[in-house]
Amino acid sequence: MRILVCGGAGYIGSHTCLALVGRGHQVVIADSGVNSSPRVVPRLRRLAGVPVPVHRVDLRDRVALTALFATYRFDAVLHFAALKAVGDSCRRPLEYFDNNISGTIALLQAMQCAGVRRLVFSSSATVYGEPAQVPVREDAGLSVMNPYGRTKLVAEQLIGDLCTSDPDFRAANLRYFNPVGAHASGVIGEDPCGEPTNLMPYICQVAVGAREKLRVFGGDYPTPDGTGVRDYIHVVDLARAHVDALEFMVRADRSLTVNLGTGRGVSVLDLVHAFERASGRRVPYEIVERRPGDAASVYADPSLAHELLGWRAEFDVDAMCRDAWRWQSMNPEGYRTATRREAPSRGRR
Ligand code: NAD
Ligand code: UDP
């Protein structure tokens, strides 16, 4: 299939492009560059070994989007393009509503005009709010904790309404738990702007010496060691799930909503210790106040994804830490560090 990957230059999108190419699909990327480095695409092309056309397009730019759909005949769209920082969304809710919700509406309209009726959408466990029970199943209650979460829930609802109104439209809502890790090559990975807000990139930056110590938000949760429990999933497993979901949606000709997690709860300190083992570095930390709005424990029941797609996460926490560390140590400043191949030549010829 020829797939439009919106947000394909980002963290999860870039790994998914490789998974798509690995399964014989053609990929075209549309990305505004709002949260991606220009270094991603050349690295991605090198790893993919096939041409990957990239268009600098903001989904809200209807003229550019229409032109893109007129240039290629897409069989399906994978939609990763969103702003994703929870704290930032509380400070700038309108930007998040506009980028994530208006962008999704413009994309759905362009798909409808072009007669493209297959969509895989990046949703999030955030749509469960603070879950009443764990592991979380897809039929758990949905709620909104912050403007970012609202954009994910609203987008799922818009897509659901479109599926109801157009009997031929099919969508896969993929609710990710906590994606971490990097491609085994160490060539692409997660590169947050400024101070990381998520745990794994913060641990990586402490281990590489860019930050002094980790602040562990809360040591008094009702969890085995008192720190918050989450369901970390290797980004390569997550990427593979997208291809499985896409192919299932097309083959079975049906829509779906599934959790993507390992089903295993891992505490902050479990992750710190696994990272220390994988990297051979110490990760100094101090336990501080809880972060407002954090749930004690959130992990998935991923059995529906296995039942429908035959998909199951393969990598454990040690592999996630090993690959996150390989990426971080090969790219201490993320994509700001040029590889030898990328650096301008300074020697004499
Ligand atoms: P990312 O920021 O690395 O990637 C998103 C990409 O989309 C970026 O390259 C950005 O430049 C692009 N983009 C943003 N708005 C755009 C627009 N209007 N038009 C075109 N391009 C645009 O984020 P990620 O971690 O790869 O996340 C991908 C998706 O998964 C997002 O929708 C995010 O909300 C969702 N998600 C992420 C996580 C996570 O922890 N990383 C968890 C759950 C869900
Ligand atoms: N966390 C932490 N220190 C940090 C960042 C996160 O202790 O610098 C904790 C956080 O309280 C939560 C877990 O790590 O228990 C995962 O947080 P993250 O922000 O990565 O994911 P989310 O809370 O969105 O699931």
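Note that the structure is a prediction, hence the values are computed from the model and not measured. (Residues numbered from 1 in each chain as written. Chains lettered and ligands numbered in written order. Predicted model: local features only at pLDDT ≥ 70, side-chain atom pairs only at ≥ 80, totals over all residues. Heavy atoms only, no water.)

Novice: Let's hear about the sheet that holds strand E5 (residues 118–124): which residues, and what values?
Specialist: As summarised here, the arrangement of the seven strands in space is E3-E2-E1-E4-E5-E6-E11, forming an open sheet in which the pairing is parallel. Edge positions in the open sheet fall to strand E3 (54–56) and strand E11 (256–260), since each of these has one partner strand only. Taking each pair of neighbouring strands and ignoring which way they run, the sheet shows an average axis angle of 20°. Bridging between strand E6 (residues 170–176) and E11 involves five bridges; their strand directions are parallel. (Pairing = 2+ DSSP bridges. Helix = DSSP H or I, 4+ residues; strand = E, 2+ residues; numbered from the N terminus. Axes fitted to C-alpha atoms, helices over the stretch in contact; angles between N-to-C directions.)

Novice: So what about the site of ligand 2? Which residues, and what values?
Specialist: Not every one of the 14 residues close to ligand 2 is listed here, only the nearest: Arg215, Phe217, Arg230, Arg291 and Asp294. At a separation of 2.8 Å, an oxygen atom of ligand 2 approaches a polar backbone atom of Leu199. Separating a nitrogen atom of ligand 2 from a backbone N or O atom of Arg215 is a distance of 2.7 Å. When the free accessible area of ligand 2 is taken as 510 Å², the share hidden by the protein chains comes to 87%. The greatest single-element share of the shell around ligand 2, amounting to four residues, is contributed by strand E8 (residues 214–217). (Near = heavy atom within 4 Å. Polar contact = N/O pair within 3.5 Å; in protein donor to acceptor, adjacent residues only side chain to side chain. Areas by Shrake-Rupley, 256 points an atom, 1.4 Å probe, with all protein chains shown as cover.)

Novice: A description of the side chain of Asn331 should follow, citing residues and the corresponding values.
Specialist: Mapped onto the fold, Asn331 is located in the segment after helix H11 (317–330). Residue class for Asn331 comes out buried when judged on its relative accessible area of 1%. In this structure Asn331 touches Arg43, Gly186 and Thr337, once residues within four positions along its chain are discounted. (Buried < 20%, exposed > 50% of the residue type's maximum accessible area, 1.4 Å probe, protein only. Contact = heavy atoms within 4.5 Å.)

Novice: Lay out helix H2 (residues 40–48) with the relevant residues and their values.
Specialist: Considered for burial, the residues of H2 that qualify are Val40, Val41, Arg43, Leu44 and Ala48. Viewed along the axis of H2, the buried residues span an arc of 160°, placing them on a single side of the element. Along its buried surface, H2 packs onto helix H1 (11–22), strand E2 (26–31), E3 and H11. Gly49 sits one or two residues past H2 and shows a positive phi near 75°. (Arc of directions from axis to C-beta.)

Novice: Break down the site of ligand 1 for me, with residues and values.
Specialist: Neighbouring residues of ligand 1: 26 residues in total, closest Ile12, Asp31, Asn35, Lys84 and Tyr148. Tyr11 places a polar main-chain atom, nitrogen or oxygen, 2.8 Å from an oxygen atom of ligand 1. One nitrogen or oxygen atom from the side chain of Lys152 is found 2.8 Å from an oxygen atom belonging to ligand 1. When isolated, ligand 1 has an accessible area of 820 Å², and the protein chains bury 95% of it.

Novice: Requested: an account of unusual backbone geometry, with residues and values cited.
Specialist: Look at the link from Val134 to Pro135: it is a cis peptide, with omega at -5°. Topologically, Pro135 is positioned in the loop between E5 and helix H6 (147–165). Of note, the phi angle at Asp253 is positive, near 55°, even though the residue is not glycine. Mapped onto the elements, Asp253 comes out in the loop between helix H8 (235–252) and E11.

Novice: Any details on the packing of helix H7 (residues 199–207) against H11? Residues and values, ideally.
Specialist: It is the contact of H7 with H11, at a shortest axis distance of 10 Å, that shows an interaxial angle of 55°. Taken as axis vectors, H7 and H11 run oblique relative to one another. The handedness of the crossing between H7 and H11 comes out as right-handed. The residues of H11 that touch H7, namely those facing Met200, Cys204, Gln205 and Ala207, are Met320, Cys321, Ala324, Trp325 and Gln328. Looking at the contact of H7 with H11 residue by residue, the classes come out as seven nonpolar, two polar and no charged. (Parallel < 35°, antiparallel > 145°, perpendicular 65-115°, else oblique. Left-handed = near helix turned anticlockwise from the far one by under 90°. Nonpolar A, V, L, I, M, F, W, Y, C, P; charged D, E, K, R; others polar.)

Novice: Let's hear about the packing of aromatic side chains: which residues, and what values?
Specialist: Tallying each qualifying case throughout the model produces five aromatic pairs. Ring plane angle 80° and centroid distance 5.4 Å describe the contact between Phe69 and Phe74, whose orientation is recorded as edge-to-face. Take Phe69 and Phe74: they sit in the same class, and that class is buried. Arranged with centres 4.9 Å apart and planes meeting at 55°, the rings of Trp327 and Tyr335 form a pair that is tilted. Per residue, the accessibility class of Trp327 equals that of Tyr335, and both read buried. By way of ring pairs, the aromatic residues Phe69, Tyr72 and Phe74 are connected into one cluster. Seen from the ring of Tyr202, Arg211 lies directly overhead, with NZ or CZ sitting 5.8 Å from the centre. The ring of Tyr221 carries the charged tip of Arg290 above its face, separated from the ring centre by 4.1 Å. (Phe/Tyr/Trp six-rings, centres within 6.5 Å; stacked < 30°, edge-to-face > 60°. Lys NZ or Arg CZ within 6 Å of the ring centre and 35° of its normal.)

Novice: Got a sec to walk through the pairing of E2? Specific residues and values, please.
Specialist: Among the six residues in E2, five count as buried, and that is most of the element. When strand E1 (residues 2–6) meets E2, the two strands line up parallel, connected through five bridges. In the strand pairing of E2, Arg2 is matched with Gln26. In this view, the connection linking E1 to its parallel neighbour E2 by way of H1 has right-handed handedness. Judged from the three bridges that link them, E2 and E3 form a sheet pairing that is parallel. Paired with Ile29 across the strands is Val54, a residue of E3. (Right-handed = clockwise from strand over helix to strand, strands pointing away.)

Just geometry here; none of it tells us what the structure is for.
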